Amino acid sequence: MSLRTVQDYDKELDALAARIGYLDPAKMQRPDVIRLRDSNAEKLRFANYCIQIVRILQEVAIDLGWRPSGSNPVKGVSLLKSNTPDREPWPEDKLTEFRSTFDLGTAERTLFEMLLGTGQRIGDVLKARWSDIRDGGVDVVQGKTKAKLWVSWTDDLCAALAATPRVSVFICPNPHSLSQWTYFRGADTMRTTRKSISALPWDLHSLRYTATAELARAGCSDEEIQAITGHKSVAMIRKYAGPRRQIAQAKKARERNKKKT
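Residues numbered from 1 in each chain as written. Predicted model: local features only at pLDDT ≥ 70, side-chain atom pairs only at ≥ 80, totals over all residues. Heavy atoms only, no water.

Participant: Pulling in residues and values, what's your account of the overall build of the protein?
Facilitator: Secondary structure assignment for the protein yields eleven helices and three strands. Listed N to C, the secondary structure of the protein is α-α-α-α-α-α-β-β-β-α-α-α-α-α in terms of helices and strands. Taking all 261 residues of the protein together, 39% fall into the buried category. When the accessible area of the protein is evaluated, it comes to approximately 15,100 Å², of which 53% is carbon and sulfur surface. Counting 43 positive and 31 negative side-chain charges, the protein places the centres of these two groups 4 Å from one another. (Helix = DSSP H or I, 4+ residues; strand = E, 2+ residues; numbered from the N terminus. Buried < 20%, exposed > 50% of the residue type's maximum accessible area, 1.4 Å probe, protein only. Areas by Shrake-Rupley, 256 points an atom, 1.4 Å probe, with all protein chains shown as cover. Lys, Arg positive; Asp, Glu negative; His and termini not counted. Charge placed at Lys NZ, Arg CZ, Asp CG, Glu CD.)

Listed below in structure tokens is the structure:
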């Protein structure tokens, strides 16, 4: 479990303690769980965290002997689905606009190129140190999966790193304190930059989608993409890469058809 997830769970645990902390966990039934979820549906993230956290707590209750084995009332209760559109890779014109707006060597540009060039999550990029660089790439230990990776650079990232002053042990430090940029401060700064170029529909995690899609367009296999992004699920890679692969395959099919005619 990542540090950010632990922090999120801590906040939700406090909220749940205030709401249902006085209730006997042994008496909780499936309809109670569903009612808890649905009563918070307007706060989708919290509603789903309620399910995830109470499921864990009920397993603890079973371990302590407060409930019989196999009686977790949360088991099988589904999470609410968001109505927001699925993430999409950054369009080419927005990538170009970001690069033309933020010069090489700026904190914003370096973080942008690190996210796009490595395909890693922002929390892992913000932890990266200059000492992690070796052999034209960077060593990464993913906070979410604990996977240890060596990720090679792209040409754009090479250029960004060459222009980035080494003023801290971190590659992407907080520009005001030179200490490690926190997730929230880094994300907030990048939100401001995205707003400045009308790119709010494409968040930072969409750069991870973009990196995956670009690798797919270059003809990389699922296994090759996994070696860079560290995805555990091939299904997620195919979700990210699918549209770019479909376009590439459609173009190949069109070219073959032209040759025949």
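We are not done yet, so read on.
Participant: A description of the pairing of strand β2 (residues 137-141) should follow, citing residues and the corresponding values.
Facilitator: Where strand β1 (residues 133-134) lies against β2, two bridges are found, and the strand directions are antiparallel. Bridge pairing in β2 links I133 to V138. The hairpin formed by β1 and β2 contains two residues between the paired strands, and D135 there has a positive phi angle of roughly 55 degrees. As paired elements, β2 and strand β3 (residues 148-152) share five bridges and run antiparallel to each other. In the strand pairing of β3, V138 is matched with V151. (Pairing = 2+ DSSP bridges.)

Participant: I'd love a proper account of the side chain of S206, names of residues and values included.
Facilitator: Structurally, the position occupied by S206 is in helix α9 (residues 205-217). Take S206: its relative accessible area is 1%, and that puts it in the buried class. Those residues in contact with S206 that lie beyond four places of it in its chain are R87, E88, P89 and W90. (Contact = heavy atoms within 4.5 Å.)

Participant: Tell me about the pattern of salt bridges, and name the residues and values.
Facilitator: Per the counting criterion, the structure on display carries nine salt bridges. For R37, the salt bridge goes to D38, with nearest N and O atoms at 2.8 Å. Since its relative accessible area comes to 11%, R37 is described here as buried. Residue E97 is joined to K94 by a salt bridge in which the shortest nitrogen-to-oxygen separation is 3.2 Å. Here the residue E97 and the residue K94 both occupy positions in helix α4 (residues 92-101), the gap between them amounting to three residues, near one helical turn. For E97, a relative accessible area of 28% gives the class partly exposed. (Salt bridge = Lys/Arg side-chain N within 4 Å of Asp/Glu carboxyl O.)

Participant: Explain the pairing of β3 to me, using residue names and the numbers behind them.
Facilitator: A one-sided burial pattern is seen for β3, the buried positions being L149 and V151 and the unburied ones K148, W150 and S152. The loop that links β2 with its antiparallel partner β3 comprises six residues; one of these, K146, has a positive phi angle of about 65 degrees.

Participant: Quick one: what's the story with the packing of helix α5 (residues 107-118) against α9, residue by residue and with numbers?
Facilitator: Remark: α5 packs on α9, axes separated minimally by 7 Å, with the N-to-C direction vectors making an angle of 45 degrees. As far as their axial angle goes, α9 and α5 are oblique. Remark: the crossing between α5 and α9 carries right-handed chirality. Between α5, through F112, L115 and L116, and α9, the contact on the second element is made entirely by L207, T210 and A211. (Axes fitted to C-alpha atoms, helices over the stretch in contact; angles between N-to-C directions. Parallel < 35°, antiparallel > 145°, perpendicular 65-115°, else oblique. Left-handed = near helix turned anticlockwise from the far one by under 90°.)

Participant: Outline the nonpolar core, supporting the account with residue identities and numerical values.
Facilitator: Soluble globular proteins: nonpolar side chains tend toward being buried together. Ranked by internal contacts, the top residues of the largest apolar core, which has 36 residues, are W90, L111, F112, M114 and L207. Here this core takes five residues from α5, the largest share from any one element. Every residue in contact with F112, bar those within four places of it in the chain, is listed here: W90, L95, F98, R99, M190 and L207. Counting residues in hydrophobic clusters, the runner-up holds 13 residues, among them Y9, L16, V33 and V54. (Core = buried A, V, L, I, M, F, W, Y, C linked by side-chain atoms within 4.5 Å.)

Participant: Tell me about the confidence of the model for the protein, and name the residues and values.
Facilitator: Across the protein, pLDDT averages 87, with 93% of residues at or above 70. For the protein, per-element mean pLDDT is lowest for helix α11 (residues 234-260), which scores 69, and highest for α4, which scores 95. (pLDDT = per-residue confidence, 0-100.)

Participant: Quick rundown of the sheet that holds β2? Include the residues and the values.
Facilitator: Across the sheet, which stays open at both edges, the three strands sit in the order β1-β2-β3 with antiparallel pairing between neighbours. Every interior strand has two partners, whereas the edge strands, β1 and β3, have only one.

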